[in-house]
Structures are given as structure tokens and as C-alpha cells.
Amino acid sequence: MLHGGLRRGAYVSLVAVLLPTVVVMSSCSTEKAKWANVQYHNTTCHYNVWWNGNESLKEGRQKLAESAVDDYTTFLMPENPGTEADARAVFPQMDRAIEKGVKGIKKHSIFVKGEEHVPYIKECYLLTAYATFYKQDYVATANTAAILVSQFKGTPAGDQGAVLLARCLTREGRYAEAEAALDQLVTDLGKGNFSRSQRERLYVAMVEATVPQEKYKKSVEYIHQAIEVSNSSRTKARLTFLLAQIYQHLDKRPVAAKYYGQVLRYSPPYVMEFNARLGEASCAQYGDVARLERVLDNMLSDKKNEEYRDQIYFAKGEMYMGVKDAARACDNYRRSVALASANPPGRARSALRMAETLYDVYQDYEGAKVYYDTAMMCLKPDDKGYQQVRSRWNMLCELVSFTSVYHRCDSLLAVATMPEGERLALIMAKIDTLRKHEQEAKELLQFERFVLGIGGVLTFKKSHLPEVLPACVPLDRIVLETDAPYMAPVPMRGQRNEPAFVAHVLQRLAEAYGVDAETVANQTNT
């Protein structure tokens, strides 16, 4: 019998129950970096906190990747951050990840004598940093990344923090600063002071910082290095596609075609595969045209590509321009513009290429102006190249007005040389026609809800409407229509009329009334 009346067996059982509790209670301390304390907090932080937060982060990243739409008319960057709306859509997942990361740091950090002793604390910092990064809160990311750099210098986590700091600068448009910071990390890598396990992140970050600065030689160098060290087929596909785009931009078409072909090796998503095939066709050489024509025609006939037909026609246009066949190129650019009404960036791209071809190859300044008008309607003032396009458009507006005066004067000279009797008869016939149209318009406009439908006829060379309408009909009593599939406007004569062609009618109406296209769009009914 032991003290207090407990038998030996009961005492042993009680000790067996209480001892683990005493150990756990003593291990909860974050004041001392004892082995038991560190093991307890690291295990608890890993499985009870970080793991759940990391699952939420992965869920948010997957959702963001699925919602962020890639724009293949511009350079395809290694990672698409999505729009602000895309980022807001993953706030719940990212906020939960941040909550778990902060909780892990607060409850389980053992920071003693200037050193963190719980390994998974750095993972909690990374969790928090990446969650704020995908929320596009780059100030918060930079603050967390700075802690990683200071507390975990010389470790993979610290190096990730340094790369994240540079990526925040890139996302904020501070490309030169980001590049300088990454250059220093590359130097550290060469000296053995940067983790080799973080090379892919470093190289990809350098690509993100240099492409917007148009430092393509440096970008290409780091794209190759990133592809070499990456184990991700998705990353390799995106980087190879970007490589092809850069070479195409530099007009190195055979090299670009080679890399577009290599994209297909990585089994990319269908949209990327589709655009890689278009890119390869766009860079065709003379000997490849017949084969690639068949490829593109097959793509046009495939129903699953119906919504991408404008892009296929654009690729055909680029292919023909590459082999100096401007006439066939223009035929395809026109089709691309007509079909791209639901794709403003693509429509702007096709309209610009059509305008440039008419301007540079055919010196058709009036036709070029029409397509610059279309491009201007699709572009935003902050789009790259907008000011250059606007400058060309303004110049053409002035030039076309002068040529119109010239043609008008030429017509007047022809009238002046007529015999007097014929000249007077012609003038009186014109006056009678104008009076007749004016009277008809006045009678019809008395009906309060009457509007006049104007279509492609307005643009025809012999049409009197441009002279008659401004004198008789207010803009707000006009409705623009297409008459599809017939009566396609100039410069689409001979083609099947499409609703998208109404832009040409709108532009001609604006010229007739002496106002800009935006005014016509606001005042007319469509």
C-alpha cells in the first residue's frame, strides 16, 4: 500500500496517463528552444496550421489559373496574374491561407537569440507572402518577403523572398528596379550565395522584368535557362510560346516558326496549341505555304474553332504577307475584322494590319483611314501603341479631307466644260432630287417614332445620301443597319455582308455630318 492508500498498480497507471500531459504542457512553451519544444511546435505548425493553409492557397491558384484569360495578341508572360476581378474572386481562399500563415507564426514561432528555430515558420511566411501576391496586394507581399530575406538569409526560403520582392516591383511597373535586384541575385548565384533550387523562379522573374523593357536579347537568354531547369511542362510550354513570339516580333520568322512547333511537344491546353499552330502558319516560308493553307482551311472547317475563325483568317493574312502576297493577305484581314466583333483586341490587331497594308503597299489612304477608324474604336488610350495609331489616324483624316476636295474640284471642272444647256439641266435635276428627298423626309419625320434605316448604300460611290441626309434628317432619327447578307458597304463590296461591317456605314455617316464617329455612335439607333 502506497501513500494516500493508492495501490502500486493504480499509481503506475496514473503516472502513465499524466506524464504525456506534463510533457506536452512543458513543450507548449515558445520561450526556450529546447528540442521537445521545437519538435512539438514544428509538428503542430506543419499539420494543424500550414497544411490547411497551403491547401487553400493551391485551391486559389488553381481557380485563378482557370479564370485568367490569356491574350495571345500580346506577349504570353510566364504567369498570368489575371484582372482585378479575377484576383477578387480568389480572396476567400487567399484570406484563409493568410489566416493560417499568421496563426502559425503567432502560435508556434520560437525566435530566440536572433534565430528562428521552428522550420515550418518560414513556410508560414511564404504561405502568407504568396497569398497576398495572388491577391495583387504587392505592398503586403513586399513586407512579408523582406522578413523572409532578413530572417532566413542564405536559405531557399530567404531566396524565394528576394525573388518575390523583385516580382512585386515588376507587377508595379518598376521594371528597371526589378531587373537590378535580380541581376544581384544572379551574381549571388554565380558565387554560390543563392540556392540552386530557386533558379527557375529567378530566371522566370528576370523574363517578367525584361520583356516589358523590350530587352529581348536578355529575355531570350533567361527563357532558355528557365526551360532548361524547369520540370513543369506547363511552364516550358508558356516560355517556348513566348520565345516564338519574341522572334516573330523581331521578324525572325523561320526561328519563330521552329519554336511555335516546339510548343506542341509539351501537350499544351487546346487554346495554346491552336495559337501555336496559327503562329507557325503566320511565319511560313514560301515552301510551306501550300501545306499550311491546308492546315488552316481544315481548322476553319472544324466546328470547335468557330469562335476563333477571326484569328485563323488573321493568321492566313500574316502568312500571305510573309510571302509578299498582299492581295490575298488583305482578303483574309478583311474577313478577320468582320468576324472579330466579340474580340476587340483581335479586331484591333486585324484592322491595324489591314490599314498598314493599304497605306504602305497600295497607298490607299481613304481605305486605310477606314480601318484605322475601326482600330481606334477597339483600342483604349492606355493600350500600347495607341498614341502612334491615333497620330496616323489624325494625319489620314486631314489627308483624306484634302483628297476629297481635290476629287470634288475635279468633278466641278468636268461640269464647267459641259455645254451650258447640259450643265443647267444637270444642276436643275440635282436640285429637284434634293427637294424631293427633303420633302419626303419632312413628311415622314412628322411621325414621332419614325426612324430612317441607313445601310451600306450610303458608302456607294454614286449614292446621294451623304449630301441629302444632313440637310433633311437629324442624327437621332437614324438607325444603322446592315441589310445582311446583301449590300455590303465599301470597302467590303463583293463579300457576304456581316453585322460587323456597320462600322463602315457609321464612319461614312460621320463624314457626311461633319462629326466624329463617337458622336454618331451615341446619337444614332443601332
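This one's a predicted model, so the numbers in the text were calculated from it and none came from an experiment. (Residues numbered from 1 in each chain as written. Predicted model: local features only at pLDDT ≥ 70, side-chain atom pairs only at ≥ 80, totals over all residues. Heavy atoms only, no water.)

Our next topic: the overall build of the protein. When its secondary structure is counted, the protein shows 23 helices and four strands. The proportion of buried residues among the 526 residues of the protein is 42%. Counting only carbon and sulfur atoms, one obtains 53% of the accessible surface of the protein, whose full area is about 28,500 Å². (Helix = DSSP H or I, 4+ residues; strand = E, 2+ residues; numbered from the N terminus. Buried < 20%, exposed > 50% of the residue type's maximum accessible area, 1.4 Å probe, protein only. Areas by Shrake-Rupley, 256 points an atom, 1.4 Å probe, with all protein chains shown as cover.)

Counted according to the given criterion, the structure contains 14 aromatic pairs. Aromatic side chains tyrosine 270 and phenylalanine 274 sit 6.2 Å apart centroid to centroid with 40 degrees between the ring planes, which places their arrangement in the tilted category. In this pair, tyrosine 270 and phenylalanine 274 are both assigned in helix α13 (residues 270-282), four residues apart and thus about one turn of the helix distant. One aromatic cluster is present, built from ring pairs that chain together Tyr130, Phe133, Tyr134 and Tyr138. Cation over ring: arginine 349 sits above phenylalanine 314, and NZ or CZ is 3.9 Å from the ring centre. (Phe/Tyr/Trp six-rings, centres within 6.5 Å; stacked < 30°, edge-to-face > 60°. Lys NZ or Arg CZ within 6 Å of the ring centre and 35° of its normal.)

Before going further, it helps to examine the packing of helix α15 (residues 309-322) against helix α16 (residues 326-339). Packing of α15 against α16 leaves a shortest axis separation of 8 Å and a crossing angle of 165 degrees. Comparing their axes, α16 and α15 come out roughly antiparallel. For the element pair α15 and α16, the recorded crossing hand is left-handed. Listed contacts from α16 to Arg309, Asp310, Tyr313, Phe314, Lys316, Gly317, Glu318, Tyr320 and Met321 of α15 are Ala326, Arg328, Ala329, Asn332, Tyr333, Arg335, Ser336 and Leu339. By residue class, the composition of the contact of α15 with α16 is eight nonpolar, three polar and six charged. (Axes fitted to C-alpha atoms, helices over the stretch in contact; angles between N-to-C directions. Parallel < 35°, antiparallel > 145°, perpendicular 65-115°, else oblique. Left-handed = near helix turned anticlockwise from the far one by under 90°. Contact = heavy atoms within 4.5 Å. Nonpolar A, V, L, I, M, F, W, Y, C, P; charged D, E, K, R; others polar.)

Counting 43 residues, the largest nonpolar core has Leu278, Leu296, Ile312, Met319, Tyr371 and Tyr372 as the members making the most contacts within it. Broken down by secondary-structure element, the contributors of at least two residues to this core are α13, α14 (289-301), α15, α16, α17 (344-360), α18 (365-378) and α19 (386-416). Tyrosine 372 has contacts with Leu352, Ala355, Glu356, Val389, Arg392, Trp393 and Leu396, leaving out every residue within four places of it along the chain. Ranked by size, the runner-up nonpolar core spans 41 residues in total, among them Leu185, Val204, Val211 and Leu242. (Core = buried A, V, L, I, M, F, W, Y, C linked by side-chain atoms within 4.5 Å.)

So, on to the pattern of salt bridges. Tallied over the entire structure, the rule returns 22 salt bridges. A salt bridge links aspartate 95 to lysine 135; the nearest nitrogen and oxygen atoms lie 2.6 Å apart. With aspartate 95 in helix α4 (residues 91-108) and lysine 135 in the loop between α5 (120-134) and α6 (138-151), this pair connects stretches of sequence that are 40 residues apart. One network of salt bridges, with partners in common, ties together Glu79, Arg167, Arg171 and Glu208. (Salt bridge = Lys/Arg side-chain N within 4 Å of Asp/Glu carboxyl O.)

Time to look at the environment of lysine 113. Of note, lysine 113 is situated in the loop between β1 (111-112) and β2 (115-116). Lysine 113 sits in the exposed class, given a relative accessible area of 84%. Along the chain, lysine 113 and lysine 32 lie 81 residues apart, while their C-alpha atoms are 10.0 Å from each other.

Attention shifts here to unusual backbone geometry. The residue after valine 490, namely proline 491, is reached through a cis peptide bond having omega 15 degrees. Take proline 491: it is sitting in the loop between β4 (478-480) and α22 (502-513). At serine 267, a position not held by glycine, the phi torsion is positive, near 50 degrees. Tracing the chain through its elements places serine 267 in the loop between α12 (253-263) and α13. The backbone of glutamine 363 shows a phi angle near 50 degrees, a positive value even though the residue is not glycine. As for its position among the elements, glutamine 363 is in the loop between α17 and α18.

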